[in-house]
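# Breakdown of the fold
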Amino acid sequence: MELLDGKRIADEIKAEIAAEVEAIKSKGGKIPHLVAILIGHNGASETYVGHKEKACAQVGFKSQVLRFEDTITEAQLLNEIKKLNDDPDVDGFIVQMPLPKHIDEQKVIEAIDPKKDVDGFHPVNVGRMNIGLPAYVSATPDGIVELLRRYKIPTEGKHCVVLGRSNIVGRPIANLLSQKGYPGDCTVTICHSRTPNIKDHTLQADILIVALGKAEFVTADMVKPGAVVIDVGITRVDAPGTKSGWRLLGDVKFDEVAPKCSYITPVPGGVGPLTIVSLLKNTLKAAKKEVYG
Ligand code: L34
């Protein structure tokens, strides 16, 4: 069993991006500029946006976090988005999810100019990605693809089973891995909360991608020996006696599943760090106008 060390790969890619930023700087080009909108005080969102801000600094990007209380109205938020769409200095921006209940997430996503939608959540980017056109690919699926690529994990003809059908992970990763080329050419099955006998499917998986948000859902009896297991889950559970008072669990029962795998991602330190790096990659593409010219 080998660990898919997301942290190590993320550091490698950040060094590559930093070198490119240096080259842009020395030619007097435009330094990539990312803005994140963070609403309210959700602990996980604070952590993730904090990681994004730090990663921007590490690679030499300009970045900014715009914070609002969760009393912000939908109209006010849409107005902030309009300002960012119109600001020529901002190459890309994101609105960290989840949003307060009184705000319509889909409306917010569709208000973002697809050219600045470095999360790749806008239907224009989702649609372009789906048919293999240049697009901003959402960060978590892109991170998974990058991890498979950097570890040179064979994908052609493999059966990939995806647990979860979310717009930001399950659906796009299923699409990407079924596309032509490497990493791709998989036969893909999507399972979800209404799939009977999930284990019948997971036992067929050469590559098992779990993005359900259900802590320790996948147990050893559900995994084929030698499988590649990618754990996207990240749930905070109470852990009395630790400094923070909580710890992180993936969607896979790591201790019992890991010995059966050829490769497995840890949580934390697996997919999470690559999610951050994929956002940096998209922001660099935005600054270079690589996707939309
Ligand atoms: N708009 N909302 C928008 N874009 C995104 O791409 C996200 N996502 C998801 C939640 N909402 C979003 C993220 O940023 C999940 N996500 C994310 C980002 C970073 C990490 C995990 C999820 C991450 O850094 N994970 C670390 C540990 C984090 C911790 O200590 O809590 C890891 O090693 O897995």
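Notes on the structure in this doc start here. Not measured: the values here are computed from a predicted model. (Residues numbered from 1 in each chain as written. Predicted model: local features only at pLDDT ≥ 70, side-chain atom pairs only at ≥ 80, totals over all residues. Heavy atoms only, no water.)

## Here's the deal with the pattern of salt bridges
One pass over the full model with this rule turns up 21 salt bridges. Between Lys 107 and Glu 74 there is a salt bridge, with its nearest N and O atoms 2.9 Å apart. Linking Lys 107 in helix H4 (residues 105-111) with Glu 74 in helix H3 (residues 74-86), this pair joins segments that are 33 residues apart in sequence. Overall, the relative accessible area of 17% leaves Glu 74 in the buried class. The partner of Asp 221 in a salt bridge is Lys 199, with the nearest N and O atoms 3.2 Å apart. Of the two residues, Asp 221 sits in the loop between strand E7 (207-210) and strand E8 (228-231) while Lys 199 sits in helix H8 (residues 198-202), which places them 22 residues apart along the sequence. Classification of Asp 221 by relative accessible area gives partly exposed; the value is 40%. (Salt bridge = Lys/Arg side-chain N within 4 Å of Asp/Glu carboxyl O. Helix = DSSP H or I, 4+ residues; strand = E, 2+ residues; numbered from the N terminus. Buried < 20%, exposed > 50% of the residue type's maximum accessible area, 1.4 Å probe, protein only.)

## Side note on H3
The end-to-end C-alpha distance of H3 is 18 Å, a good match for the 18 Å that 13 residues give at a rise of 1.5 Å each. Along H3, the positions that sit buried rather than exposed are Glu 74, Leu 77, Glu 80, Ile 81, Leu 84 and Asn 85. End-on, the buried residues of H3 take up no more than an arc of 145°, which puts them together on one face. (Expected span 1.5 Å × (residues − 1). Arc of directions from axis to C-beta.)

## Here we look at the site of the ligand
Near the ligand there are 16 residues, and of these His 51, Lys 52, Val 95, Asp 119 and Gly 269 occur at the shortest range. Measuring from a nitrogen atom of the ligand, one finds a backbone N or O atom of Val 95 at 2.7 Å. For the ligand, a nitrogen atom lies 3.2 Å from a polar atom in the side chain of Gln 96. Surface burial for the ligand is 85%, taken as the share of its 670 Å² of free accessible area covered by protein chains. Counting residues per element, the shell around the ligand draws most heavily on helix H2 (residues 43-59), which supplies four residues. For the shell around the ligand, the per-class residue count stands at nine nonpolar, five polar and two charged. (Near = heavy atom within 4 Å. Polar contact = N/O pair within 3.5 Å; in protein donor to acceptor, adjacent residues only side chain to side chain. Areas by Shrake-Rupley, 256 points an atom, 1.4 Å probe, with all protein chains shown as cover. Nonpolar A, V, L, I, M, F, W, Y, C, P; charged D, E, K, R; others polar.)

## Re the side chain of Lys 281
Positionally, Lys 281 belongs in helix H10 (residues 271-287). Non-local contacts of Lys 281, meaning those with residues more than four positions away in its chain, are made with Ile 13, Ile 17, Asp 142 and Glu 146. (Contact = heavy atoms within 4.5 Å.)

## Quick notes on the packing of aromatic side chains
Tallied over the entire structure, the rule returns two aromatic pairs. Considering the side-chain rings of Tyr 136 and Tyr 292, the 6.1 Å spacing of their centres and the 50° angle between planes classify their relative orientation as tilted. Taken together, the residues span a long stretch of sequence, with Tyr 136 in the loop between helix H5 (123-130) and helix H6 (139-150) and Tyr 292 in the segment after H10 at a distance of 156 residues. Here Tyr 136 falls in the buried class, since its relative accessible area comes to 2%. Among the residues examined, Tyr 292 registers a relative accessible area of 25% and is labelled partly exposed. Taken together, a centroid distance of 6.2 Å and an interplanar angle of 65° make the contact between Tyr 151 and Tyr 263 edge-to-face. One end of the pair, Tyr 151, is in the loop between H6 and strand E5 (159-163); the other, Tyr 263, is in strand E11 (residues 263-264), with 112 residues separating them in the sequence. There is no split in this pair, since Tyr 151 and Tyr 263 are both buried. We note Lys 115 situated over the ring of Tyr 292; from NZ or CZ to the ring centre the distance is 5.9 Å. (Phe/Tyr/Trp six-rings, centres within 6.5 Å; stacked < 30°, edge-to-face > 60°. Lys NZ or Arg CZ within 6 Å of the ring centre and 35° of its normal.)

## Focus on the packing of helix H1 (residues 6-26) against H10
It is at 9 Å that the axes of H1 and H10 come closest, and there the two elements cross at 20°. For the element pair H1 / H10, the angle class is roughly parallel. As for how H1 packs across H10, the hand of that crossing is left-handed. In this structure, H1 uses Gly 6, Lys 7, Ile 9, Ala 10, Ile 13, Lys 14, Ile 17, Glu 20 and Ile 24 to contact H10, whose residues at the interface are Pro 273, Leu 274, Val 277, Leu 280, Lys 281 and Leu 284. (Axes fitted to C-alpha atoms, helices over the stretch in contact; angles between N-to-C directions. Parallel < 35°, antiparallel > 145°, perpendicular 65-115°, else oblique. Left-handed = near helix turned anticlockwise from the far one by under 90°.)

## Brief notes about the packing of H6 against H10
Helix packing geometry: the angle between the two helix axes and the distance between the axes. Following both chains from N to C, one finds H6 and H10 inclined at 105°, their axes separated by 7 Å at the closest point. In this view, H6 runs roughly perpendicular relative to H10, as classed from their interaxial angle. Contact residues: H6 offers Ala 139, Thr 140, Asp 142, Gly 143, Ile 144, Glu 146 and Leu 147, while H10 offers Val 271, Leu 274, Thr 275, Ser 278, Leu 279 and Lys 281. Tallied by class, residues from the contact of H6 with H10 come to six nonpolar, four polar and three charged.

## As for the environment of Ala 139
Tracing the chain through its elements places Ala 139 in helix H6. Separated by 137 residues in the primary sequence, Ala 139 and Ile 276 place their C-alpha atoms 7.1 Å from one another. When residues no more than four places from it in sequence are discounted, the contact partners of Ala 139 are Asp 119, Leu 274, Thr 275, Ser 278 and Leu 279.

## Quick look at the nonpolar core
Counting residues in each nonpolar core, the largest one holds 51 residues, and the members touching the most others are Ile 144, Ile 209 and Ile 230. Residue contributions to this core peak at eight residues, all from H10. The residues contacting Ile 144, other than those within four sequence positions of it, are Val 169, Ile 173, Ile 209, Ile 230, Val 232 and Val 271. Grouped together as the second largest cluster of nonpolar side chains are 17 residues, Leu 163, Val 223, Ala 227 and Cys 261 included. (Core = buried A, V, L, I, M, F, W, Y, C linked by side-chain atoms within 4.5 Å.)

All we've got here are geometric facts, nothing functional implied.
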